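An overview of the molecular structure
The lines below spell out each chain.
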Amino acid sequence: MNYAVETKNLCRVFKRKRSRKERKQEPTKENQKEVVALDDVNIQVKEGELFGLLGPNGAGKTTLIKILSTLLLPTKGEAWVAGHNVAEDTFNIRMKINSVSGGESSGYGLLTARENVWMFSQFYDVPSKVAKQRADDLFKTFGLYEKRNQKMRTLSTGERQKMGMVRGFITDPDIIFLDEPTLGLDVNASRVIRRFVADWVREHEKKTVLLTTHYMMEAEELCDRVAIIDKGKVLVCDTPENLKKTVRRSSTLRLEIDPLKDYSKFRDIPGIRNFSKKVNPETNRSELVFVIDDEAAVSDILSVVTGEGKRIHELRKTEPTLEDVFVSLVGRALE
Amino acid sequence: MNIHLRLNLRAILGRAYPRVIGSLREPSWIFFEILLPVLAIAAYVFIYQALEAPPEFVGFVILGGAMTAFWLNVLWSMAAQLYWEKEIGNLQLYMMAPMSRMSLLGGMAVGGIFGSSIHASATVLIGVLLFKGPALVFPLMLIPIFLVTLIALYGMGMMFASLYLMWGREAWHMASLMEEPIYFVSGFYFPVKALGFWVALSASVIPITLGLDSMRQLLFPSVAAWGLFPVEIELGILVVLAIIFPIMARIALARMENLARRRGGLTLRWQ
Ligand SMILES: Nc1ncnc2c1ncn2[C@@H]1O[C@H](COP(=O)(O)OP(=O)(O)OP(=O)(O)O)[C@@H](O)[C@H]1O
Ligand SMILES: [Mg+2]
């Protein structure tokens with residue numbers, strides 16, 4: 001089997017200076033603090049696959065993509081992209097990959113959108129004519145054709161982000177890394193991008209996408225397989241369907257209540273596999289999600305709430321989603 | 001064609017493009033890049049005229065004023081470029097691309113030379129029209145001297161680019177501190193020999209010093225006595241500089257990239 005991406009015991013540790021506060025709290029000679037961004041990551045992405053990395057902020061998604069796109073070295077372990085080792089054979093990897101991240105607004109404001117993406121294509125040995133043709137096709141796809149000859153500095157944030165997608169695909173890479181490509185885009189633009197990515201992988205047998213996201217829906221809808229990653233560790237890796245099966249026997253209870261003083265009581269209730277809570281700042285209500293294995297837990301949950309004399313605003317039992325898989329594994333919601 | 005050669009030629013042209021376009025699309029440079037040198041030229045011309053110096057000195061000054069364009073371009077644009085690219089988020093896209101990192105800097109240099117040549121020519125033209133320089137000879141030697149000076153000068157700029165990135169803002173302050181003294185010791189507006197042999201020799205590390213000195217000797221043979229060394233020797237030194245600086249640039253760039261990949265800093269913008 002040819003893997004597009006493979007990692008073996010991949011670790012990445014960052015050293016950063018300790019802040020004054022940290023030094024005060026914990027006075028040691030060490031001036032540096034180690035941050036473990038990736039901890040023993042083993043993944044295998046098959047050629048032609050649309051693979052998702054799902055995880056909360058700081059999980060290590062971007063770090064992994066930076067290692068795979070040859071911008072960072074592993075601290076320990078190894079990684080291969082298109083069969084080449086990321087620490088040794090950067091040229092052959094770089095010829096075959098490209099990467100787009102959602103927050104990016106790269107290029108020069110003085111150049112037009114089309115000139116910008118053309119320029120980037122020239123770093124990948126794409127003949128000028130081919131590049132211009134591809135650029136126009138891609139601009140059409142992303143609904144930016146009318147604005148392609150506008151100076152980049154006159155484009156909106158979202159338009160620049162779409163330009164970033166054109167930049168990424170103009171080199172026709174074998175493997176593309178998309179780091180939260182729909183971050184901050186409106187519903188319509190996100191849909192266009194998702195559809196494009198899905199079609200691109202489907203229409204080209206050997207093209208591979210590795211996508212990071214913290215939108216559950218995106219991972220569920222788009223990806224052939226998903227790895228859930230938290231605090232640098234891959235917790236599970238499977239198809240969305242299989243992942244959902246792991247919580248199929250259980251059910252999900254969503255609850256909207258006035259904030260409680262003490263949530264720890266839920267931990268003692270048998271039959272709760274895991275739960276997450278967050279406070280909605282608009283309504284100032286607590287939104288709780290319980291993954292429960294035993295229906296009997298429902299009445300115990302409700303009595304904890306009413307026991308504190310708090311109101312229940314909403315109560316819903318739903319089919320398991322990928323989000324519930326995440327809650328049951330991590331004990332916290334994603335978004 | 002060899003794939004590496006083709007890729008890197010494309011990359012150089014691609015990276016030069018925004019600079020070329022930049023100098024054509026932004027007319028505001030006219031003020032800074034032409035008017036200011038012309039003003040400086042005017043000041044020195046009046047001094048020399050008051051001193052009743054030979055008319056060749058007007059030519060000295062115009063040439064120095066024109067070469068300022070290249071020097072400012074190297075000091076400010078070239079040297080600070082990678083730092084800039086990092087700030088706007090382009091650097092990691094450049095580092096991810098398969099082209100040689102030297103093509104990136106090479107493209108910047110080619111674009112910079114293009115833009116600065118326009119400025120320099122405009123300065124010469126205005127200077128000659130306003131102040132009437134002396135009668136000129138145009139020896140062929142001028143061409144290799146000019147080209148080698150540019151290679152050495154931009155090679156130095158390439159080297160600075162990586163160092164800047166590692167030193168960040170401090171390097172910026174250092175450049176502003178150095179700008180004036182280097183102007184002075186490089187003899188933009190007077191023969192460098194006037195500073196005394198040892199100062200002149202030390203200033204020769206900056207390629208523009210000997211480049212200017214040689215060009216003046218060739219253009220104004222009647223005052224060649226003001227030259228620091230014979231032109232052949234100066235060309236020899238310039239060739240050595242034109243080899244050393246790009247090599248050092250390459251080493252600095254490789255170190256910078258390596259450091260960034262290990263530490264996760266430098267080229268990587270925070271997300
Ligand atoms: N250059 C760096 N120096 C020090 N620490 C870093 C560096 N880059 C990342 N980190 C740390 O590594 C961890 C993982 O960061 P990373 O950017 O990979 O997360 P992420 O999953 O992409 O998060 P997000 O969803 O917010 O983008 C974080 O704790 C982060 O603070
Ligand atoms: Mg990230």
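Quick summary incoming for the structure in this document.

Definitions and cut-offs
Residues numbered from 1 in each chain as written. Chains lettered and ligands numbered in written order. Predicted model: local features only at pLDDT ≥ 70, side-chain atom pairs only at ≥ 80, totals over all residues. Heavy atoms only, no water. Helix = DSSP H or I, 4+ residues; strand = E, 2+ residues; numbered from the N terminus. Rg over C-alpha atoms; globule rule 2.2 N^0.38 Å. Buried < 20%, exposed > 50% of the residue type's maximum accessible area, 1.4 Å probe, protein only. Contact = heavy atoms within 4.5 Å. Areas by Shrake-Rupley, 256 points an atom, 1.4 Å probe, with all protein chains shown as cover. Lys, Arg positive; Asp, Glu negative; His and termini not counted. Charge placed at Lys NZ, Arg CZ, Asp CG, Glu CD. Near = heavy atom within 4 Å. Polar contact = N/O pair within 3.5 Å; in protein donor to acceptor, adjacent residues only side chain to side chain. Disulfide = S-S within 2.5 Å.

Some details on the overall build of chain B
- Looking only at helices and strands, chain B has 10 helices and 0 strands in total.
- Of the regular secondary structure in chain B, the N- to C-terminal order runs α-α-α-α-α-α-α-α-α-α.
- In summary, chain B has a C-alpha radius of gyration of 19 Å against a globular reference of 18 Å for 271 residues, a match within 12%.
- Summarising its shape, the C-alpha atoms of chain B cover approximately 60 × 40 × 40 Å along the three principal directions.

A word on the overall build of chain A
- Assigned secondary structure in chain A consists of 11 helices and 15 strands.
- Within chain A, the proportion of its 335 residues that are buried is 52%.
- Taking contacts inside chain A between residues at least 6 apart in sequence as the whole, the part at least 24 apart equals 71%.
- Entry remark: accessible area of chain A is about 15800 Å², with carbon and sulfur atoms responsible for 46%.
- Chain A carries 56 positive and 50 negative side-chain charges, and their two centres are separated by 6 Å.

A few points about the site of ligand 1
- The immediate surroundings of ligand 1 are formed by 15 residues, with Gly58, Gly60, Lys61, Thr62 and Thr63 of chain A found nearest.
- With respect to ligand 1, its neighbouring residues span chains A and B.
- The separation between an oxygen atom of ligand 1 and a polar side-chain atom of Asn57 of chain A is 2.9 Å.
- With respect to ligand 1, the backbone of Ala59 of chain A contributes an N or O atom lying 3.1 Å from an oxygen atom.

Focus: the state of the cysteines
Residues and elements named next belong to chain A.
- Counted under the stated rule, the structure contains 0 disulfides over all chains.
- The cysteine Cys223 is free of any disulfide, with Cys237 supplying the nearest cysteine sulfur at 11 Å.
- What makes Cys223 buried here is its relative accessible area of 6%.

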